[in-house]
Amino acid sequence: MIIAITAQGEALESEVDSRFGRANQFIIFNTDDGNYTVEDNKQNLNSDQGAGIQSAEKIVKSGAQVLLTGHCGPKAFKVLQAAGVEVIVDVTGKIMDAINKYKAGELKAVDKPDVEGHWG
Amino acid sequence: MIISIASGKGGTGKTTVAVNLALVVEGKVRLLDCDVEEPNSGIFLDVHECKAEENTALVPEINNDACTACAKCSEFCRYNALATLATTVLVFPELCHSCGGCGLVCPENAISEVLRRIGVIEYGKSKNLEFFQGRLDIGNTMAPPLIRSVKRKIVDDALSIIDSPPGSSCPMIAATADADYVVLVTEPTPFGLHDLKLAVETIEVLELKHGVIINRAGERDEMIEDYCKEKNIPVLAKIQDDRRIAEAYSRGRTIINSYPEYIPLFKGLLERIMEEAGGIR
């Protein structure tokens, strides 16, 4: 299974980025072989609007079935939900710890966005 | 003739200048409040025969039978109003700027444009003055299409005065583009000067004639005057820092109706603008 995590850095030891749309980068982790790739998010960091939507599109394209992040707004959530990606919010700490917690079944998906939409 | 009253910084007195200027015009005049996120010129006017019309903008609608989810549309949309999933495209109409580009790049002709309400244009009359204001619906962010609709109320046989939104981004540009003259209202504070510079940079790109009004003028006017001198921008008028003006404003009253001694200032300003707009700068 593929897990996407918003990350402040490029390593599994880096911290989870609490932002989704404007996360520094995404780590796309494959639980089958333990390999991962880093998806740069510069374009969305600098976009005027709709960063969440485009980030969500990116996650969908990566083939991830679940997203671990800090917060997720309504527009991004709509995209992820339409594509059947599970959204888990309020995730903090190191990337690897978050993955392990998810594998252990300690993290539960949400059925709605946890923050309000905003502009810009 | 179109005069746009703009500023960089908010709260410098655009509405005050626009309303009082409109009221000293002797011929036909149209005042257009294009600050569609928070129109307030109307508060100061005693207008009647009020009407309102709905305003709409074109947004894309995806025909899912024809869409192949090729992502050309969402890649094209720089406003991120479209998101392509495995078999379909999601539309976020509230982010759409109505450029129509997605429909043009779609190879399958799967995108049609539909009308979506974004706000209203309200209308009222008071003697020789006709007043229009755009009011964006709550939850909408796309001010420019509504501003452009308000500007369609400009007619050749009346002087048009536009109360522009603050700032120097898309809404301000929509409200000032194609003006014959732009009046930049500022105040002698570091913020006033800083944002005036941003506004001037924008207006220079638009290649519009412009001049400055110093509002709440007093002991620190030099900071604005020095900048204007350096840039060769005329200071059209100064409105003194007069507490009575603020008091009248807070009661929804105009300066010239409350304190007729200010009438010459606004008449002089109007004449000066006409001169500057007609002449070569």
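**Looking at the overall build of chain B**
Here comes step 1: Check the secondary structure of chain B and you find 10 helices and 11 strands.
Here comes step 2: For chain B, the C-alpha atoms occupy an extent of roughly 70 × 45 × 35 Å along the three principal directions.
Here comes step 3: Relative to its full complement of 281 residues, chain B shows a buried share of 55%.
Here comes step 4: In chain B, once contacts between residues fewer than 6 apart in sequence are set aside, the share between residues at least 24 apart is 73%.
Here comes step 5: As presented, chain B carries roughly 13,100 Å² of accessible surface, and 49% of it is formed by carbon and sulfur atoms.

**Re the interface of chain A and chain B**
Here comes step 1: The interface is formed by 15 residues belonging to chain A together with 17 residues belonging to chain B.
Here comes step 2: Carbon and sulfur atoms supply 63% of the area buried between chain A and chain B, which totals about 1,300 Å² over both sides.
Here comes step 3: Our enumeration of links across chain A and chain B arrives at zero salt bridges.
Here comes step 4: Counting across the chain A and chain B interface gives seven residue pairs in polar contact (both at pLDDT 80 or more).
Here comes step 5: Those elements that place two or more of their residues in the side of chain A that touches chain B are helix 2 (51-62) and helix 3 (74-82) of chain A.
Here comes step 6: It is helix 2 of chain A that contributes the most residues to the side of chain A that touches chain B, five residues altogether.
Here comes step 7: Considered class by class, the residues forming the side of chain A that touches chain B number seven nonpolar, four polar and four charged.

**Brief notes about the sheet that holds strand 6 (residues 111-126) of chain B**
By way of backbone hydrogen bonds, the strands of a sheet pair with one another, either parallel or antiparallel.
All names here are of chain B.
Here comes step 1: The nine strands are arranged 3-6-7-2-8-1-9-10-11 in an open sheet whose pairing can be described as mixed. Looking at the sheet topology across the chains shown, the edges are occupied by strand 3 (48-62) and strand 11 (235-240). Taking each pair of neighbouring strands and ignoring which way they run, the sheet shows an average axis angle of 20°.
Here comes step 2: Bridge count for strand 6 against strand 7 (residues 129-136) is eight bridges, and the pairing is antiparallel. Residue pairing across strands places glutamate 122 opposite glutamine 133, the latter belonging to strand 7.
Here comes step 3: Lying on the sheet, helix 7 (residues 222-231) is in contact with strand 9 (181-186), strand 10 (210-217) and strand 11; it crosses strand 10 at an angle near 170°.

**Concerning the nonpolar core**
Here comes step 1: Counting residues in each nonpolar core, the largest one holds 38 residues, and the members touching the most others are Phe20, Ile59, Leu67, Val79 and Leu80 of chain A together with Leu82 of chain B.
Here comes step 2: Every element with two or more residues in this core is listed here: strand 2 (25-30), helix 2 and helix 3 of chain A together with strand 3, strand 4 (82-84) and strand 5 (89-91) of chain B.
Here comes step 3: Among residues more than four places away in sequence, those in contact with valine 79 of chain A are Ile53, Ala56, Glu57 and Val60 of chain A together with Ala83, Leu85, Leu90 and Phe92 of chain B.

**Quick word on the domain arrangement of chain B**
Here comes step 1: Taken as a whole, chain B is organised into domain 1 (2-55 + 118-276) and domain 2 (64-109).
Here comes step 2: For domain 1 of chain B and domain 2 of chain B, the distance between their C-alpha centres works out to 37 Å.

**Some remarks on the pattern of salt bridges**
Residues and elements named next belong to chain B.
Here comes step 1: Tallying each qualifying case throughout the model produces 21 salt bridges over all chains.
Here comes step 2: A salt bridge links aspartate 157 to lysine 28, with the shortest nitrogen-to-oxygen separation between them at 3.1 Å. Placement of the pair is aspartate 157 in the loop between helix 4 (143-151) and strand 8 (159-163) and lysine 28 in the loop between helix 1 (14-24) and strand 2 (29-33), with a sequence separation of 129 residues.
Here comes step 3: Arginine 244 is paired through a salt bridge with glutamate 261; the nearest N and O atoms lie 3.0 Å apart. In this pair, arginine 244 sits in helix 8 (residues 243-250) while glutamate 261 sits in the loop between helix 9 (255-258) and helix 10 (263-278), placing the two residues 17 residues apart along the sequence.
Here comes step 4: Given the relative accessible area of 32%, arginine 244 is considered partly exposed.
Here comes step 5: Within the structure, one salt-bridge network assembled from shared partners comprises Lys9, Glu187 and Arg216.

**Let's talk about the side chain of aspartate 35 of chain B**
Residues and elements named next belong to chain B.
Here comes step 1: By the secondary structure assignment, aspartate 35 is in the loop between strand 2 and strand 3.
Here comes step 2: No salt bridge is formed by the buried aspartate 35; the nearest opposite charge belongs to lysine 14, separated by 5.8 Å.
Here comes step 3: Setting aside anything within four residues of it in sequence, one finds aspartate 35 in contact with Asp163, Ser164, Pro165 and Pro166.

**Things to note about the packing of aromatic side chains**
One pair of aromatic rings is described through two measures. These are the centre distance and the angle between the planes.
Here comes step 1: All chains considered together, the criterion is met by three aromatic pairs over all chains.
Here comes step 2: Where phenylalanine 20 of chain A meets phenylalanine 26 of chain A, the ring centres are 5.8 Å apart and the plane angle is 50°; that geometry is what we call tilted. You'll find phenylalanine 20 of chain A and phenylalanine 26 of chain A in the same group, each marked buried.
Here comes step 3: Between the NZ or CZ atom of lysine 78 of chain A and the centre of the ring of phenylalanine 92 of chain B, over which it lies, the distance is 4.9 Å.
Here comes step 4: Over the ring of tyrosine 259 of chain B we find arginine 244 of chain B; its NZ or CZ atom is 4.2 Å from the centre of that ring.

**Notes on the packing of helix 6 (residues 190-206) of chain B against helix 7 of chain B**
Helix-helix packing is described using two parameters, namely the angle between the two axes and the distance between the axes.
Residues and elements named next belong to chain B.
Here comes step 1: As a packed pair, helix 6 and helix 7 sit with axes 10 Å apart at the nearest point and diverge in direction by 20°. Considered as vectors, helix 6 and helix 7 are oriented roughly parallel to each other. Where helix 6 crosses over helix 7, the handedness of that crossing is right-handed. From helix 6, Pro190, Leu193, Leu196, Lys197, Val200 and Glu204 reach across to helix 7, where they touch Met223, Ile224, Tyr227 and Lys231.

**Comments concerning the packing of helix 1 of chain B against helix 10 of chain B**
Residues and elements named next belong to chain B.
Here comes step 1: Relative to each other, helix 1 and helix 10 sit at 85°, their axes nearing to 9 Å. Judged on the interaxial angle alone, helix 10 and helix 1 are roughly perpendicular. The segment helix 1 lies against helix 10, with Val17, Asn20, Leu21 and Val24 engaging Ile263, Phe266, Lys267, Leu269, Leu270 and Ile273.
Here comes step 2: The class makeup of the residues in the contact of helix 1 with helix 10 is eight nonpolar, one polar and one charged.

**Quick word on the pairing of strand 6 of chain B**
Residue and element names in this part refer to chain B.
Here comes step 1: Where strand 3 lies against strand 6, 13 bridges are found, and the strand directions are antiparallel. From the neighbouring strand, glutamate 61 faces strand 6, where its bridge partner is serine 112.
Here comes step 2: Hairpin connection of strand 6 to strand 7: two residues between the antiparallel strands, including lysine 127 at a positive phi of 50°.

The rules we used
- Numbering of residues begins from 1 in every chain and follows the order in which that chain's sequence is written.
- Numbering of ligands from 1 and lettering of chains from A proceed in the order in which they are written.
- Under the rules for a predicted model, residues below a pLDDT of 70 receive no local features and side-chain atom pairs below 80 are neither given nor counted, while totals for whole chains, interfaces and linings still include all residues.
- The basis for every side-chain value is the complete set of non-hydrogen atoms in the structure, without hydrogens or water.
- Elements are defined by DSSP. Helices are runs of H or I of four residues or more, strands are runs of E of two residues or more, and each kind is numbered from the N terminus.
- Under the scheme applied here, a residue whose accessible area is under 20% of the maximum for its type counts as buried, over 50% as exposed, and between as partly exposed, the area being computed with a 1.4 Å probe on protein chains only.
- In what follows, residue pairs with any heavy atoms lying within 4.5 Å of each other are defined as contacts.
- Only the protein chains shown count as cover for residues, and the accessible areas themselves come from Shrake-Rupley with a 1.4 Å probe.
- Here the buried area means the combined drop in accessible surface, using a 1.4 Å probe, for two parts upon being joined, counting both sides.
- Criterion for a salt bridge: a side-chain nitrogen of Lys or Arg within 4 Å of a carboxyl oxygen of Asp or Glu.
- Any pair of nitrogen or oxygen atoms within 3.5 Å is treated as a polar contact; in protein, a donor-acceptor pairing is required on top of that, and neighbouring residues in sequence qualify only through side-chain atoms on both sides.
- Under the scheme applied here, ten amino acids are nonpolar (Ala, Val, Leu, Ile, Met, Phe, Trp, Tyr, Cys and Pro), four are charged (Asp, Glu, Lys and Arg), and all others, including Gly, are polar.
- Between any two strands, pairing holds if DSSP finds at least two bridges.
- With axes taken as lines fitted to C-alpha atoms, and helix axes fitted only over the stretch in contact, angles between N-to-C directions fall between 0 and 180 degrees.
- Residue types Ala, Val, Leu, Ile, Met, Phe, Trp, Tyr and Cys, when buried and joined through side-chain atoms within 4.5 Å, form a set referred to as a nonpolar core.
- As used throughout, domain bounds are those supplied by an automatic or database domain assignment.
- Positive charges come from Lys and Arg alone, negative charges from Asp and Glu alone, with His and the N- and C-terminal ends not counted.
- Centres within 6.5 Å make a pair out of two Phe, Tyr or Trp rings, where for Trp the six-membered ring is used; the pair is then stacked when the planes are under 30 degrees apart, edge-to-face when over 60, and tilted otherwise.
- Charge-over-ring placement is defined geometrically: NZ (Lys) or CZ (Arg) within 6 Å of the ring centre, and within 35 degrees of the ring normal.
- In this scheme, roughly parallel covers angles under 35 degrees and roughly antiparallel covers those over 145, while 65 to 115 is roughly perpendicular and the rest are oblique.
- Throughout, a crossing is termed right-handed when the near helix is turned clockwise from the far one, and left-handed when it is turned anticlockwise from it by less than a right angle.

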